[in-house]
Amino acid sequence: MSPASSSFQKVHQYSLTKAWKSLVFPTIKLTNLLSLFLKAGLALCTFFIISLFFYLSLSLYSHNYHHSPSLHLHHFTISHSSSTFENNESTNISHIVFGIGGSTKTWQNRRHYTELWWQPNVTRGFMWLELPIPSKEMWPETLPPYKVSGNTTSFKYTHMAGSRSAIRLARILKETFQLGLENVRWFVMGDDDTVFFTENLVTVLAKYDHNEMYYIGGNSESVEQNVALTYDMAYGGGGFAISYPLAAALVKILDGCINRYAALFGSDQKVQACISEIGVQLTKELGFHQTDIRGNLYGLLAAHPMAPLVSLHHLDAVNPLFFDMTQVESLKKLVSTYKMDPGRTLQKSVCYDLIQNWTISVSWGYNVELYRSLQMPNELQTPFKTFKTWRGNDDPFTFNTRLVSLNPCERPLVFYLDRIEDVGLGEWTQSSYKIYEDVLFKEFNCSVPAVKVQYINVTASYFKPELWKKAPRRQCCNIIEGTDEANNVVQVEIRGCHHFESATPP
């Protein structure tokens, strides 16, 4: 290689090296790189979501175009096989089917209880007997039509103190369900000595979605009964309600289940055990009354729970509800009053006369207590212990009780319902309560002034069923005229409470 060529190469290499070193490369920070990736990812996600939205919209349009709702109206037809499909109609008495456990040995003596509440051509259901009625006897139209239960001799029953009739009674739900009646939302079970207050029953059941599995009722009032049987059970005499979907599931397992629980005592106990296998628990409503108590119901009825009165039972085991009447006459009087204003029946209101230093406690449709002192509401809502447990013991009960004072001057004067009438064109009632002349309530040598009141008149607006859909609150009252010396009458008005109002004695 010539010296000239060698010099050229050196110069060329030097130039390239200098040029390479003079190139400028950008400096990229890590944060900028992450930002770039996030922006790209966000753009891709947005594109995907928009594409999916247009795809689903086109699919839905195509589905609706090819599947007109008019072709599928049968999905909403209410029938035996589709009673639980959606129906916006409010629950009413036509949606309830009653299954009443009766007997050829008892129906004649107990028929007056069922006749108090059964409404031919309005209420639906059957009284189930173990045998047919002899042809010479006419079945009254005032009772539910009767049906004969199926043979249960193949079922096992091993309880030493019980009766095999528990099997037959437990199967009433299944036999009623299998009749295939249409438009049924609820099956309600009861005994032939149960008195139902059907409008309040509808009010209670309407609170619940009949398309769900519900088992609704109440416990015994006597702790001894709940301990011996179970607190998880709706007692059958007080009545219980089973929604259609739960009934549909229960009838599939009921017969085998009855044999699995052959050692259980009663029909309601067997039904509860079978429902527990489905996984449904009891929903308790305080208006269902098994009435597992003996003696005088005064204490319980004068301090009824803040709930609609739904049922009463075991009425042969307690004193007549009103004095100087038979039990049937007493019940007719109570039912007649209930029909005037179902939701208000037995609901309590408390008010004070601060001039006379009186407390007035109203149990609407039953009685009014007048205390000659200022009493606290929490005491007044506690029942007097005027009864014993189902087994004849003094206690315990499933609710608090208070003793009737041994000092007659501390006892209330008790006024029982005398009459009731509509006084406001369907807006108001006036019920009149007359003092009960009994040794327990006669005047004694007390330090408080004697009371000459003979009547307490109570005016009240009709209680709207919708109020039970709100949080329960005891309504308020006023003594609007005090004592009318000429007529010995106290006038009381019941009304809804103001927002911040309370029944607070000074």
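To be clear, the structure that these remarks concern was listed above.
This is a predicted model, so every value here is computed, not measured. (Residues numbered from 1 in each chain as written. Predicted model: local features only at pLDDT ≥ 70, side-chain atom pairs only at ≥ 80, totals over all residues. Heavy atoms only, no water.)

A closer look at empty space enclosed by the protein
Stated formally: Points on a 1 Å grid, built from protein atoms alone, make a cavity when a 1.4 Å probe fits but cannot get out and make a pocket when they are open with protein on both sides within 12 Å along at least 5 of 7 lines; residues with an atom within 4 Å of a point are the lining residues. Grid points are joined across faces, edges and corners, and a volume is the space filled by probe spheres set on the points. Each residue receives one of three labels: charged for Asp, Glu, Lys and Arg, nonpolar for Ala, Val, Leu, Ile, Met, Phe, Trp, Tyr, Cys and Pro, and polar for the others, Gly being one of them.
Within the structure shown, the criterion is met by one cavity of 30 Å³ or more. Computed from the structure, the largest cavity encloses a volume of approximately 30 Å³. In terms of lining residues, the largest cavity is bounded by G299, A302, A303, K348, E369, L380, T382, P383, F384 and R402. Grouping the constituent residues of the lining of the largest cavity by class yields five nonpolar, two polar and three charged.

Things to note about the packing of helix α3 (residues 107-117) against helix α11 (residues 327-340)
Defined as follows: Here the axes come from fitting lines to C-alpha atoms, over the contacting stretch only for helices, and the angles between their N-to-C directions go from 0 to 180 degrees. Helix numbering and strand numbering both begin at the N terminus, where a helix is a DSSP run of H or I of at least 4 residues and a strand a DSSP run of E of at least 2. When describing relative orientation, an angle under 35 degrees is termed roughly parallel and one over 145 degrees roughly antiparallel, while 65 to 115 degrees is termed roughly perpendicular and anything else oblique. By definition, residues are in contact when any of their heavy atoms lie within 4.5 Å.
Interaxial distance between α3 and α11 falls to 11 Å at its minimum, and their mutual angle equals 5°. Taken together, the axis directions place α3 and α11 in an arrangement best described as roughly parallel. Taken together, the residues of α11 that come into contact with α3 (itself represented by H112, Y113 and L116) are Q327, V328, L331, K332 and V335. When its residues are assigned to classes, the contact of α3 with α11 shows five nonpolar, two polar and one charged.

Brief notes about the nonpolar core
Rule in force here: Only buried residues count toward a nonpolar core. Its members are Ala, Val, Leu, Ile, Met, Phe, Trp, Tyr and Cys residues joined through side-chain atoms within 4.5 Å. Classification of residues uses two cut-offs on accessible area relative to the type maximum, computed with a 1.4 Å probe and protein chains only: under 20% is buried, over 50% is exposed, and between them is partly exposed.
By size, the foremost hydrophobic cluster in this structure holds 78 residues, and its most contacted members are I96, F98, I360, F415, I456, V458 and V492. Here this core takes five residues from strand β15 (residues 413-422), the largest share from any one element. Ignoring any residue separated from it by four or fewer positions in sequence, one finds F415 in contact with Y366, N367, V368, L370, Y433, K434, I435, V453, Q454, Y455 and I456. In terms of nonpolar packing, the next biggest core, distinct from the first, is built from 33 residues, F177, F187, M233 and L250 among them.

Describing the sheet that holds strand β3 (residues 146-148)
How we decide: Any two strands between which DSSP finds at least two bridges are classified as paired.
As summarised here, the arrangement of the seven strands in space is β3-β2-β1-β4-β7-β6-β8, forming an open sheet in which the pairing is mixed. Only two strands of the sheet have a single partner each, and these edge strands are β3 and β8 (282-284). The mean inter-strand angle of the sheet, taken between neighbouring strand axes irrespective of direction, is 25°. Pairing between strand β6 (residues 215-217) and strand β7 (residues 240-243): two bridges, direction antiparallel. By the bridge assignment for β7, Y215 is matched with I242. Strands β4 (186-191), β6 and β7 of the sheet are contacted by helix α8 (residues 244-260), whose axis makes an angle of about 85° with β7. Against the sheet, helix α9 (residues 267-278) touches β6 and β7, its axis set at about 30° to β7.

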